Amino acid sequence: MIEVKDLHKAFGKVKAVDGVSFAARDGEITGLLGPNGAGKTTTLRMLYTLMKPDSGQVLVDGIDAAVDPIAVRRRLGVLPDARGLYKRLSARENIDYFARLHGIETRLMHQRREKLVDALEMRDILDRRTEGFSQGQRVKTAIARALVHDPKNVILDEPTNGLDVMATRGLRTFMRNLKAEGRCVLFSSHIMQEVAMLCDRIVVIANGRVVADETPDALRAQTGEANLEDAFVKLIGSEEGLAA
Amino acid sequence: MKSMVTVFLKEVRENLRDKRTVFSALVYGPLMGPIIFVALMNTVISREMTKAEGPLEVPVIGAQYAPNLIDGLKQQGLVPQPPIADPDKAVRERDADVVLRIPADYARAWTKGEPAQVELIYDSSQMGTGTSRSRLENMLKHYGSQQGALRLLARGLSPGIAAPVVVSERDQSTPQSRAGQLFSILPYFFVLAIYVGSMYLAIDLTAGERERQSLEPLFANPVARWRILLGKLGAIGVYALASLVLTAVAFSVAGHFLPAEKLGMSFDLGAGFIGRVILLELPLIALFAVLETLVAAFAKSYREAQTYLSLLLIVPALPSIIMAFMPIKPATWMYAVPLLGQQVGVSDMLRGVPVSVGNIGLALVCGFAAAFVLGLVTAVVYRSEKLAISA
């Protein structure tokens, strides 16, 4: 369970996030949809405590991120916008490094890693150095690395960015499985079809503000548009920055 | 603690796979110094040796005017060379170190008992010609005083009359202290080894990680940033230590290839010396690791960090340069200044002067204290939001 209450963050005069509130529940996939530059990545960065909000509150499973950031990070699995693998290490070594940083003992680490490797179908690249990985292989490795501590809450920043059709489909199945396991999945995207297909709840962000927080059906009803794409355009106020 | 060790082990292992880091830390840093040093010293020593002891070849103009003088100089090791047309040009262009010219009226002045003049033509701005010139000058003086004594004796006077003051020299230098002087550049090589050995790693672990965007996922782990920083500093320190140890060992081996004993010098670069040097240099390992990381954390990119750190390379050289141009008397307070203390201490060890435990202790305490303070500053910089996010 991730709760965000009235987050504000400014860089100089630019208000990147200007009063964002929403909740992402366990056993649901919540999509953070917005055009490029809407404040999605900054919001997520405050969630996983990389940045401190100017004001507002972040609660993860009821723990305040400002009070105990380490405990919050323990409960989160994060795929940041920056994938940043260690290219001189193999995929396996990348995953194990993060497992050890979470203090997971060796036997459990093996179990968890094996499970993720099967779920993400990345057995063939496990012992290759990540230098020269394709975008899809990189995302798989980064996700396995982020989830090796079996977190209850999963944050994925534009997970399908740069992936081909097959890899995207595989990733969607994986996310649905995370949901089926009862986890709270929060992901950002600027691709509306993807959000519409996957999400139980959609939070639409534009110019640092939440302009809608509904189920896909409710969103259609609210805007009076039968087509989701038209609904989004109406919400955001322009077609700029949205991809079909 | 465990997370620090995890970071440490990962950084050490990952960077062992990086050719540039390994090469600069374990090959270039430790070996360049000793190799340059030995090559340089061998050239200098052997050149001085031949000049100081071998036959002295000097072009002589007008040798026919003073056959006795030439015979006297020959007995002292002079090998007269045929006269040359333009002696001024010859010394300027280094065709000859020095030229002796005997004027035509030498014999006339000699027989009249007047001071007979000879000319030495040389260019004192030419490096390495001084030995030849002073040897020839000493030969001439020796010949002159010998002849003077004979003249006094011929008049029934004691030669002692013409020498009211006799200088007796007592050089207090020992073979080892003379060698220490020769080795005055050596402390710099140790400092350089530490700096170069840790530089690429320090850049890579902060500026490099940010540029490759791996700092953000790393900081998403439930580990305090100062623990990550300590793990990284540990890895940098280990590379610097490896570089320092290899350098010390390389110098120890290189010492055997120096013909220093030919110059009446001796030096001890044995295990004891290596151990003391490493002990004294330990605080610099911590200090440089922290300093380089701090600079790398401020830099916006890998290249920028590299530029800054290359410029900072002048810092470890400062004490050596200062000591070379204005030799100052070593004092206890110098051990309290990082870099200066190491310079003074290693110089003294080379000269065979024991460095007291108190002074070594002072250097260790002050050096580590400086590293600690700088470390706190680095930890604060590491906590900043901007650090993790690459542009």
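Sequence order as written defines residue numbering, which begins from 1 separately in each chain. Naming scheme: in the order in which they are written, chains are lettered from A and ligands are numbered from 1. Where totals are concerned, whole chains, interfaces and linings use all residues; where local detail is concerned, this predicted model gives features only for residues with pLDDT of at least 70, and gives and counts side-chain atom pairs only at 80 or more.

### Side note on the overall build of chain B
Stage number 1. Of regular secondary structure, chain B possesses 16 helices and four strands.
Stage number 2. Throughout, radius of gyration means the C-alpha value; the globule benchmark is 2.2 Å times the number of residues raised to the power 0.38. A compact globule built from 391 residues should have a C-alpha radius of gyration of about 21 Å, whereas chain B, at 30 Å, is more than 25% larger.
Stage number 3. Here the C-alpha coordinates of chain B stretch approximately 100 × 45 × 30 Å along the principal axes.
Stage number 4. Considering chain B as a whole, with its 391 residues, one finds that 37% of them fall into the buried category.
Stage number 5. A residue pair is marked as a contact if its C-beta atoms, positioned from the backbone, fall within 7 Å. For chain B, long-range pairs separated by at least 24 residues make up 76% of all intrachain contacts whose partners lie at least 6 apart in sequence. Put simply, DSSP marks the helices as runs of H or I at least four residues long and the strands as runs of E at least two long, and each gets a number from the N terminus on. Counting other C-beta atoms within 10 Å of each residue's C-beta, where C-beta atoms are placed from the backbone, gives the exposure class: buried for 20 or more, exposed for 12 or fewer, partly exposed between.

### Side note on the interface of chain A and chain B
Stage number 1. Across the boundary between the two partners, chain A contributes 23 residues, which contact 22 residues of chain B.
Stage number 2. Elements that contribute at least two residues to the side of chain A that touches chain B include exactly helix H2 (69–74) and helix H3 (91–101) of chain A.
Stage number 3. With four residues, the top contributor of residues to the side of chain A that touches chain B is H3(A).
Stage number 4. When its residues are assigned to classes, the side of chain A that touches chain B shows 14 nonpolar, three polar and six charged. The residue classification treats Ala, Val, Leu, Ile, Met, Phe, Trp, Tyr, Cys and Pro as nonpolar and Asp, Glu, Lys and Arg as charged. All others, Gly included, are polar.

### A word on helix H1 (residues 2–16) of chain B
Stage number 1. Given a helix with a known number of residues, its expected span is that number minus one, times 1.5 Å. Given a rise of 1.5 Å per residue, 15 residues ought to cover 21 Å, and the 21 Å separating the end C-alpha atoms of H1(B) matches this to within 8%.
Stage number 2. Taken residue by residue, H1(B) has B:Thr6, B:Val7, B:Phe8, B:Lys10, B:Glu11 and B:Asn15 as its buried positions.

### Comments concerning the environment of B:Ala296
Residues and elements named next belong to chain B.
Stage number 1. Following the sequence through the fold, Ala296 ends up in helix H11 (residues 271–298).
Stage number 2. Judged by the 28 C-beta atoms lying within 10 Å of it, Ala296 falls in the buried class.
Stage number 3. When the C-alpha positions of Ala296 and Glu57 are compared, they lie 58 Å apart, and in sequence the two are 239 residues distant.
Stage number 4. Contacts of Ala296, omitting those with residues within four sequence positions, involve Ala202, Ile203, Thr206, Ala207 and Ala305.

### Concerning the pairing of strand S1 (residues 2–11) of chain A
All names here are of chain A.
Stage number 1. Only when DSSP finds a minimum of two bridges between them are two strands counted as paired. Sheet topology note: the S1/strand S4 (residues 55–60) ladder contains five bridges and is antiparallel. From the neighbouring strand, Glu3 faces S4, where its bridge partner is Leu59.
Stage number 2. As paired strands, S1 and strand S2 (residues 14–24) are joined by eight bridges and run antiparallel to one another. Counterpart to Glu3 in the pairing with S2 is Ala23.
Stage number 3. Counting the residues between successive antiparallel strands, the hairpin from S1 to S2 contains two residues, one of them, Gly12, with a positive phi of roughly 65°.

### Points about the packing of H3(A) against helix H5 (residues 135–147) of chain A
Residues and elements named next belong to chain A.
Stage number 1. Two elements in contact, H3 and H5, have axes whose closest approach is 8 Å; the angle formed by their N-to-C orientations is 25°. For the element pair H3 / H5, the angle class is roughly parallel. For the pair H3 and H5, the sense of crossing is right-handed. Residues Ala91, Asn94, Ile95 and Phe98 of H3 touch H5, and the partners they reach there are Thr141, Ala144 and Arg145. Axis definition: a line fit to C-alpha positions, over the contact stretch in the case of helices; interaxial angles, taken between N-to-C directions, run 0 to 180 degrees. Here the word oblique covers every angle except those under 35 degrees (roughly parallel), over 145 (roughly antiparallel) and from 65 to 115 (roughly perpendicular). Here is the rule for handedness: rotate from the far helix to the near one, and if that takes an anticlockwise turn smaller than a right angle the crossing is left-handed, while a clockwise turn gives right-handed.

### Considerations on the sheet that holds strand S9 (residues 201–206) of chain A
Residue and element names in this part refer to chain A.
Stage number 1. The six strands are arranged S6-S7-S8-S3-S9-S10 in an open sheet whose pairing can be described as mixed. In the strand order of this sheet, the two ends are held by strand S6 (76–79) and strand S10 (209–214), each with one partner. Averaged over all adjacent pairs, the angle separating strand axes in this sheet is 15°, with direction ignored.
Stage number 2. Sheet analysis places strand S3 (residues 28–33) next to strand S8 (residues 184–189), joined by six bridges and oriented parallel. Following the sheet pairing, Leu32 is matched in S8 by Ser188.
Stage number 3. Relative to S9, helix H9 (residues 228–236) is tilted by about 40°, and along the sheet it contacts S9 and S10.

### Quick look at the sheet that holds S1(A)
Strands in a sheet are paired, the pairing made by backbone hydrogen bonds, and the direction either parallel or antiparallel.
Residues and elements named next belong to chain A.
Stage number 1. On the basis of which strands lie adjacent, the open sheet formed by four strands has the order S2-S1-S4-S5 and antiparallel pairing. Every interior strand has two partners, whereas the edge strands, S2 and strand S5 (63–64), have only one.
Stage number 2. Strands in contact with helix H1 (residues 40–47) are S1, S2 and S4; relative to S1, the strand with the most contacts, it is inclined by about 120°.

### Digging into the confidence of the model for chain A
Stage number 1. The score called pLDDT rates the predictor's confidence residue by residue, from a low of 0 to a high of 100. Taken as a whole, chain A shows an average pLDDT of 89; of its residues, 97% reach a score of 70 or greater.
Stage number 2. Here H9(A) stands out as the element of chain A with the lowest mean pLDDT, 74, in contrast to H3(A), whose mean of 96 is the highest.

### So, the confidence of the model for chain B
In low-pLDDT regions, the fine details of the predicted coordinates are not to be read closely.
Stage number 1. With 95% of its residues at a pLDDT of at least 70, chain B reaches an overall mean of 86.
Stage number 2. For this predicted complex, the interface confidence reaches an ipTM of 0.91, while the overall pTM sits at 0.82.

### A closer look at the packing of H3(A) against helix H4 (residues 106–119) of chain A
Residue and element names in this part refer to chain A.
Stage number 1. Here H3 crosses H4 at 135°, and the two axes come no closer than 10 Å. The angle between H3 and H4 places the two elements in the oblique class. Here H3 runs over H4; the crossing is right-handed. Residues Ile95, Asp96 and Ala99 of H3 form the contact with H4, whose participating residues are Met109, Arg112 and Arg113.
Stage number 2. Here the residues of the contact of H3 with H4 are counted per class, giving three nonpolar, no polar and three charged.

### What about H3(A)?
Stage number 1. Burial analysis of H3(A) places nine of its 11 residues in the buried class, the great majority of the element.
Stage number 2. Buried within H3(A) are the following residues: A:Ala91, A:Asn94, A:Ile95, A:Asp96, A:Tyr97, A:Phe98, A:Ala99, A:Arg100 and A:Leu101.
Stage number 3. Looking at the buried side of H3(A), the elements it contacts are H4 and H5 of chain A together with H1 of chain B.
Stage number 4. After H3(A) finishes, the residue A:Gly103 shows a positive phi value of roughly 75°.

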